[in-house]
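For reference, the chains in residue letters:
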Amino acid sequence: MTDEDRVAAGWDRLNSLLVRLGRPDVHDEHFRDTGTLVNTPVTRGSTVLFPDLATMRKVGSERYDHTAIYGAMGTPVQHELERAIAAIENGRDTQIVSSGLAACTTALLTWTSSGGHCLIPDACYGPTRRFADTMLGRFGVEITYYDPLIREPELRALMRPDTQVVFAESPGSHTFEIQDIPMLARVAHAHDARLLLDNTWGFGIFAPFDKGADVSIQALTKYPGGHSDAVLGAITVAAEEEWHRLRDAAIQLGQLAGPDDCWLTLRGLRTMGVRLARQSRTALTVAKWLSTHPKVLRVLHPALPDNPGYALWERDFSGAGPLFSVVLQPSCTRAAMEKMIDSLSRFGIGASWGGFESLVLPTTGGVIRSLPECRADHPAFRLSIGLDDAADLIADLEHGLMRL
Ligand SMILES: *Cc1c(COP(=O)(O)O)cnc(C)c1O
């Protein structure tokens, strides 16, 4: 198996599942009660009418079963997407929320409370950190940032009797540290805390519950959406008790998503395996080329053998994502790097990642770290590799790097 086959393998294995998910076998009188549409239709609605009050109350009491007495509790197309995401993550159930960030914040609000303590990796997604530092703090939850590469004895030393949540994000935003999720789960559970994992990069190629996570968080905006036209998030759990807690919290917070975004994401799921197999192969080819370039100090891609996270990636992941970072030689200035980024023609300058188009963003300047060992001081940038041909992307980068 080549390295490229290895990063694509997990995506290839998903395809048979992806073509079947979220397609209820519902016969419709429009098709003489025997025919069915291939896809779940977009279902719009706020008010739902019931034949009598007893039926309405019965449906209301079954809110844990993806039913709704009102559109704010979700519509059929949202519930189909929830079943599909739960199947991919191999979880019990999923709650769809309005964005990936809402998935992070809703999960943190669900499993922490005033007077509690929460551990967050120093390389977490920036807006998650901002939420933790502001709102969670205001609600009386104490935050400790930890080195994402922390080892078991050091983690044990950070755990307290009031620690409710160990948050994880693997690999880390911009710096791509792979976390030892089974170890984090072991330590969290020994202290009666829950392990919440932002599994956006690992969606489909990292099995969160087999590895011990209690909650898996997704920005569906990235791979499942895939076309940069919808913003959506998901929270998935494995245990019944956690599902009831999550579903109640989501209803109390008014969390849901619009039917169009759910439908677009279901559509995106069909091709997610094909797109990401191709994108992950191209990403590895581009990453390998960059790692031999004289202007490049390091390429932060978990599937490159000289990466510190390689052994854990190989142990725990069935594939790789199309997103990685490039650290330039210290002789390159930040201003020169920004000129280089502006000069690229195949890479769009913009937020988000995982879509069909290739994107670039500088890491330097925009990334906050609390711990000195996690600071990255050299000029660096992040690439999201799309469906373009590798040769075109490499030629564009070669031209850009020559200008440095
Ligand atoms: C993008 C991202 C999010 C937030 O998702 P949005 O849908 O853009 O709100 C959360 N976590 C990670 C790791 C992300 O990359």
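As the structure is a prediction and not an experimental result, all values here were calculated from the model. (Residues numbered from 1 in each chain as written. Predicted model: local features only at pLDDT ≥ 70, side-chain atom pairs only at ≥ 80, totals over all residues. Heavy atoms only, no water.)

Spatially, the 5 strands line up as an open sheet ordered S8-S9-S12-S11-S10, and their pairing is mixed. The sheet terminates laterally at strand S8 (296-300) and strand S10 (348-349), the two strands that pair on one side only. Note: S8 against strand S9 (residues 323-328), 4 bridges, orientation antiparallel. Directly across from Leu300, in S9, lies its bridge partner Ser325. (Pairing = 2+ DSSP bridges. Helix = DSSP H or I, 4+ residues; strand = E, 2+ residues; numbered from the N terminus.)

Here we take up the pattern of salt bridges. For the structure on display, the rule yields 21 salt bridges. With a closest N to O distance of 2.9 Å, Arg278 and Asp389 form a salt bridge. Note that Arg278 is positioned in helix H10 (residues 259-291) and Asp389 in the loop between strand S12 (380-384) and helix H13 (390-402), a separation of 111 residues in sequence. Here Asp389 falls in the partly exposed class, since its relative accessible area comes to 42%. Shared partners join several salt bridges into a network, and the residues in it are Asp3, Glu4 and Lys288. (Salt bridge = Lys/Arg side-chain N within 4 Å of Asp/Glu carboxyl O. Buried < 20%, exposed > 50% of the residue type's maximum accessible area, 1.4 Å probe, protein only.)

Here we come to the side chain of Asp198. The residue Asp198 is located in strand S5 (residues 194-198) in this model. There is no salt bridge for the buried Asp198, and the closest opposite charge comes from Lys222, which lies 7.4 Å off by N-O distance. A polar contact is formed between the side chain of Asp198 and the side chain of Thr200, at a distance of 2.7 Å. When residues no more than four places from it in sequence are discounted, the contact partners of Asp198 are Cys104, Phe167, Ala168, Glu169, Ser170 and Ile217. (Lys, Arg positive; Asp, Glu negative; His and termini not counted. Polar contact = N/O pair within 3.5 Å; in protein donor to acceptor, adjacent residues only side chain to side chain. Contact = heavy atoms within 4.5 Å.)

We now examine the site of the ligand. Lining the immediate surroundings of the ligand are Ser99, Gly100, Leu101, Tyr125, Glu169, Asp198, Thr200, Ala219, Thr221, Lys222, Val231 and Trp353. Measuring from an oxygen atom of the ligand, one finds a backbone N or O atom of Leu101 at 2.9 Å. At a separation of 2.9 Å, an oxygen atom of the ligand approaches a polar side-chain atom of Trp353. In isolation the ligand has 380 Å² of accessible area, and contact with the protein removes 88% of it. In a pocket analysis with a 2 Å cut-off to the grid points, the ligand is assigned to the largest pocket. Going through the elements one at a time, helix H4 (100-111) and helix H8 (221-225) are the ones with two or more residues in the shell around the ligand. Residue classes in the shell around the ligand are distributed as 5 nonpolar, 4 polar and 3 charged. (Near = heavy atom within 4 Å. Areas by Shrake-Rupley, 256 points an atom, 1.4 Å probe, with all protein chains shown as cover. 1 Å grid on protein atoms, 1.4 Å probe; cavity = no way out; pocket = protein on both sides within 12 Å on 5 of 7 lines; lining within 4 Å. Sits in = over half its atoms within 2 Å of the grid points. Nonpolar A, V, L, I, M, F, W, Y, C, P; charged D, E, K, R; others polar.)

A few words on the domain arrangement of the chain. Assigned domains within the chain: domain 1 (3-267) and domain 2 (272-402). The centre of domain 1, based on its C-alpha atoms, is set 27 Å off from the matching centre of domain 2. Contact with domain 1, which involves 48 residues of that partner, is made by 46 residues of domain 2. Across the domain 1/domain 2 interface, buried area totals approximately 4,200 Å², and carbon plus sulfur atoms make up 60% of it. Looking at the side of domain 1 facing domain 2, the largest losses of area belong to His174, Phe176 and Trp201, adding up to 17% of the total buried there. Our enumeration of links across domain 1 and domain 2 arrives at 4 salt bridges. Its salt-bridge partner being Arg281, residue Asp5 comes within 3.0 Å of it at the nearest N-O pair. (Domains from an automatic or database assignment. Buried area = accessible area lost by both parts, 1.4 Å probe.)

Taken as a whole, the largest pocket holds about 690 Å³ of empty space. Lining the largest pocket we find 38 residues, and of these Tyr125, Gly126, Pro127, Ser173 and Arg382 sit closest to its centre. Counting only elements with at least two residues in the lining of the largest pocket, the list comes to H4, helix H5 (126-138), strand S6 (215-219), H8 and strand S11 (359-362). Among the elements that take part in the lining of the largest pocket, H5 stands out by supplying 4 residues, more than any other. Looking at the lining of the largest pocket, its residues break down into 18 nonpolar, 13 polar and 7 charged. Structurally, the lining of the largest pocket is a two-domain feature, drawing no fewer than three residues from each of domain 1 (3-267) and domain 2 (272-402). (Points joined across faces, edges and corners; volume = space filled by probe spheres on them.)

Position of Met135 among the secondary structure elements: in helix H5. In this structure the C-alpha to C-alpha distance between Met135 and His227, which are 92 residues apart in sequence, comes to 32 Å.

This next bit is on the packing of H10 against H13. A pair of packed helices is characterised by two quantities: the angle between their axes and the separation of those axes. Following both chains from N to C, one finds H10 and H13 inclined at 30°, their axes separated by 10 Å at the closest point. One way to sum up the angle between H10 and H13 is to call them roughly parallel. Considering how the two elements wind past one another, H10 and H13 form a crossing that is right-handed. Contacts between H10 and H13 involve Thr282, Thr285, Val286, Trp289 and Leu290 from the first element and Ala390, Leu393, Ile394, Leu397, Glu398 and Leu401 from the second. Considering only residue class, the contact of H10 with H13 consists of 8 nonpolar, 2 polar and 1 charged. (Axes fitted to C-alpha atoms, helices over the stretch in contact; angles between N-to-C directions. Parallel < 35°, antiparallel > 145°, perpendicular 65-115°, else oblique. Left-handed = near helix turned anticlockwise from the far one by under 90°.)

For the structure on display, the rule yields 1 cavity of 30 Å³ or more. Looking at the lining of the largest cavity, the elements that each hand over two or more residues are S11 and S12. Broken down by class, the residue content of the lining of the largest cavity amounts to 6 nonpolar, 3 polar and 1 charged.

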